[in-house]
Amino acid sequence: MSDLANVYHLFQNKFEENDFQYYSPPSYVRTLTENSEKIIFAFRKNQDLPPDTDWVKKSPKSNASNSLDLTGSPLKDISFGEYDDIGMSIDEANGPTFSNLWTPEEEAYGPLATEKARSILQNFINLDCRVGRGSIWTLCCGTDPDQTVLLQLAINSASNNQRQFTRGVVRFTGMEANGSISLAQLIGLHRERAGDAMKFNPKIQIQQWCTLSPYITVRLCWNTMGEGATFAVERNARVRLSQEFPVNNGAFSRSSRAEYFWQQLQRLALMREKIMDIRANRAIGYARNDLGGIDEMDLEYVKQKVYNILSTFLAVEPTTYQFTSIADMVFQVQNHNLTDVMERLYDALTLCANYDDLKAAIDYIFHLSTHSNIVNVPTNGTRFAQLILAMIQDRLAIPSLTGSEPYELLLECGFSKLMNDYRTIFSECGVYELEFEKLFQPQVTCTRKSRYAAGSGPQTDHANGTKRSALLFQPTVEDRGREKSILLSNFDEDEVKIRLNRLAQVHLLLEHLLLLESVVNIPSIYGRVCELYLNRQPYSYGEIYNRKTDLLEFDVDEFMLLSKADHLLPCARRVTMSSGNLLQKLETVFYQNTRPLLPERFYPQFERKEVDSKHVFWCYEYDRIERL
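The shown structure was predicted, so the numbers you read here are calculated from the model rather than taken from an experiment.

Caption draft 1: Up close: the overall build of the protein chain. Counting its secondary structure elements, the protein chain contains 17 helices and 16 strands. Counting across all 628 residues of the protein chain, residues that qualify as buried make up 53%. Long-range pairs, those at least 24 residues apart, make up 72% of the contacts in the protein chain between residues at least 6 apart in sequence. With an accessible surface of roughly 29300 Å², the protein chain has 47% of that area assigned to carbon and sulfur atoms.

This is the structure we're talking about:
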């Protein structure tokens, strides 16, 4: 565990002319070390940044589930911002063209002169001070003969000798064609560097990444032994699949097969905003609906539609689903016949053009329920359905809706319909049984309630401006023989927020499954994907729009996936080997990637070498010398 706060304070005081950060390591250090613990990072601030950095992917936010975190993937920080949609054209021969590999912060870390970087680390060693635990890294310019790009000084926390350190150095070794790199060649380089005094450890770890599609990467990891080992993938290799779904600030929906359901979720989010506006006495809440519907109709049309739903007997045949694929099931559920009365009423009420029309349409439903023969009685458990049923049974007088109550009734129906749709898709596909009761449980108990939560105070009646209770319908004297009151409003801001967040997570899971089906198509892994994905804490509905990609990563035990990657050329490779004796240990990491590890703008001397091959690696060596 890293503990360098005292060292960081010392650096700020002793080396004021340099720039330091104490935080989680940049992507290239994580890739080389496969460690995300905080480090002290020395660099030179570079203010010469492009004026528009929106095209660079921001760092993904931390995830509560360690099982899904990305560790050391060479493609973690790839942005797909240049793609317009999922179906973009890609040159299969040359592979996808990614916009950038680094965050805006990493683009601002300019390198130090190599001698300057060495001087900082040596001066720290010479200081008589209390040391912590962890690593100090310096970014180097690579102009020295060895082309050093990173230097490391690690403080060995396991040692009782506080003056004992471990040194590391990362060098750029050039660009090589994939076919010209052999494992025997790498072993020779390591043994040459270790010398005859160290004994070579025959156990070698190999990690190899292959790209199945622009968004799906497979990492193969295995151990090999002996001098004659090769890069041939062993059948017992551990397989880990990483999929970065291109959210692109919500733009993914325009080309998604599940666009309809995302639009329904957007409608619920807009409805929530309207309720919040009305409860805060903001006039915008009463303006046009703008609920994301394609059509808006006048009030008479909506009333006629409502009348037909409640008072006209319709022989509606329930939908029989035929499963062929997840994509086809999404289409079937989207276009199925609505048989539930409240779902049909919800579909009609969303056609209302403004608040007044919506309130009038709901009043019309209440009048029909008390004065007409209703042949289609609602049966689902929403509050709206309970009100209608109570009036049909002559247990309740016609309530007068005030404030945000019309939208609150509609919001509950919308949640119920969307939950049923998602539940149907997952269950009919045989993928996963969604238990929304568990998913909607709050992650952290919060005793503070919003001032806009239910029962927080009176609301303004939009019709006459008077203050009325938004909670209960109080019957008149002549109606007291009937049921005394029915709860009209049950809006809880926190609960609605949890539901939106979870439904957004369920939708992104559906998008992941559609992408997996189109590329991998191994149904046996879908259930585990659902379980892993839904066990992690969801991003908020609003945070999704600030993201470029959504990461899904999991281990796969399927030989079918191994065979899919077997014939592909690797996009990255990481080879680890070591030698040692009683006094010290040398570990070497050979890292190769079809993309540069460090920002190219700071290393103009590393020009792209013309190699007689289309598959060329940028090659790096990371030596770590530990005193025992």
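Caption draft 2: The pattern of salt bridges, seen in detail. Under the defined criterion, the tally for this structure stands at 20 salt bridges. In this structure, Arg574 and Glu34 form a salt bridge, with 3.6 Å as the shortest nitrogen-oxygen distance. Here Glu34 lies in the loop between helix 2 (27-33) and strand 2 (39-45) and Arg574 lies in strand 14 (residues 572-580), a separation of 540 residues in the sequence. Through salt bridges with shared partners, a single network forms among Arg171, Arg193, Glu621 and Asp623.

Caption draft 3: Summary view of the packing of aromatic side chains. Enumeration over the complete set of coordinates arrives at 25 aromatic pairs. Ring geometry for Tyr8 and Tyr22: centres 5.7 Å apart, planes at 35 degrees, overall tilted. One end of the pair, Tyr8, is in helix 1 (residues 5-14); the other, Tyr22, is in strand 1 (residues 19-23), with 14 residues separating them in the sequence. Overall, the relative accessible area of 18% leaves Tyr8 in the buried class. Note on Tyr22: relative accessible area 17%, which makes it buried. Feature note: the residues Tyr23, Tyr28, Phe41, Phe43 and Tyr109 constitute an aromatic cluster, connected by ring pairs. Positioned above the aromatic ring of Tyr539 is the side chain of Arg547, whose terminal nitrogen or guanidinium carbon lies 3.8 Å from the ring centre. Cation over ring: Arg573 sits above Phe231, and NZ or CZ is 3.8 Å from the ring centre.

Caption draft 4: Local environment of helix 7 (residues 299-311). Between its first and last C-alpha, helix 7 extends 18 Å over 13 residues, near the 18 Å set by a 1.5 Å rise per residue. Along helix 7, the residues that are buried comprise Leu299, Val302, Val306, Ile309, Leu310 and Ser311. Along the long axis of helix 7, the arc covered by the buried residues comes to 160 degrees, so they all point the same way. If you follow the buried residues of helix 7, they end up packed against helix 9 (341-349) and helix 10 (355-371).

Caption draft 5: Quick peek at the pairing of strand 13 (residues 549-556). With seven of eight residues buried, strand 13 lies mostly within the body of the structure. Examined bridge by bridge, strand 10 (residues 238-246) and strand 13 share eight bridges and lie antiparallel to one another. Directly across from Glu244, in strand 13, lies its bridge partner Leu551.

Caption draft 6: Here's a closer look at the side chain of His512. Locating His512 in the fold gives a position in helix 14 (residues 493-519). Residue His512 is classed as buried on the basis of its relative accessible area of 0%. Sequence-distant contacts of His512, defined by excluding residues within four places in its chain, comprise Gln243, Phe245, Tyr533, Asp550, Leu551 and Leu552.

Conventions used here
Residues numbered from 1 in each chain as written. Predicted model: local features only at pLDDT ≥ 70, side-chain atom pairs only at ≥ 80, totals over all residues. Heavy atoms only, no water. Helix = DSSP H or I, 4+ residues; strand = E, 2+ residues; numbered from the N terminus. Buried < 20%, exposed > 50% of the residue type's maximum accessible area, 1.4 Å probe, protein only. Contact = heavy atoms within 4.5 Å. Areas by Shrake-Rupley, 256 points an atom, 1.4 Å probe, with all protein chains shown as cover. Salt bridge = Lys/Arg side-chain N within 4 Å of Asp/Glu carboxyl O. Phe/Tyr/Trp six-rings, centres within 6.5 Å; stacked < 30°, edge-to-face > 60°. Lys NZ or Arg CZ within 6 Å of the ring centre and 35° of its normal. Expected span 1.5 Å × (residues − 1). Arc of directions from axis to C-beta. Pairing = 2+ DSSP bridges.

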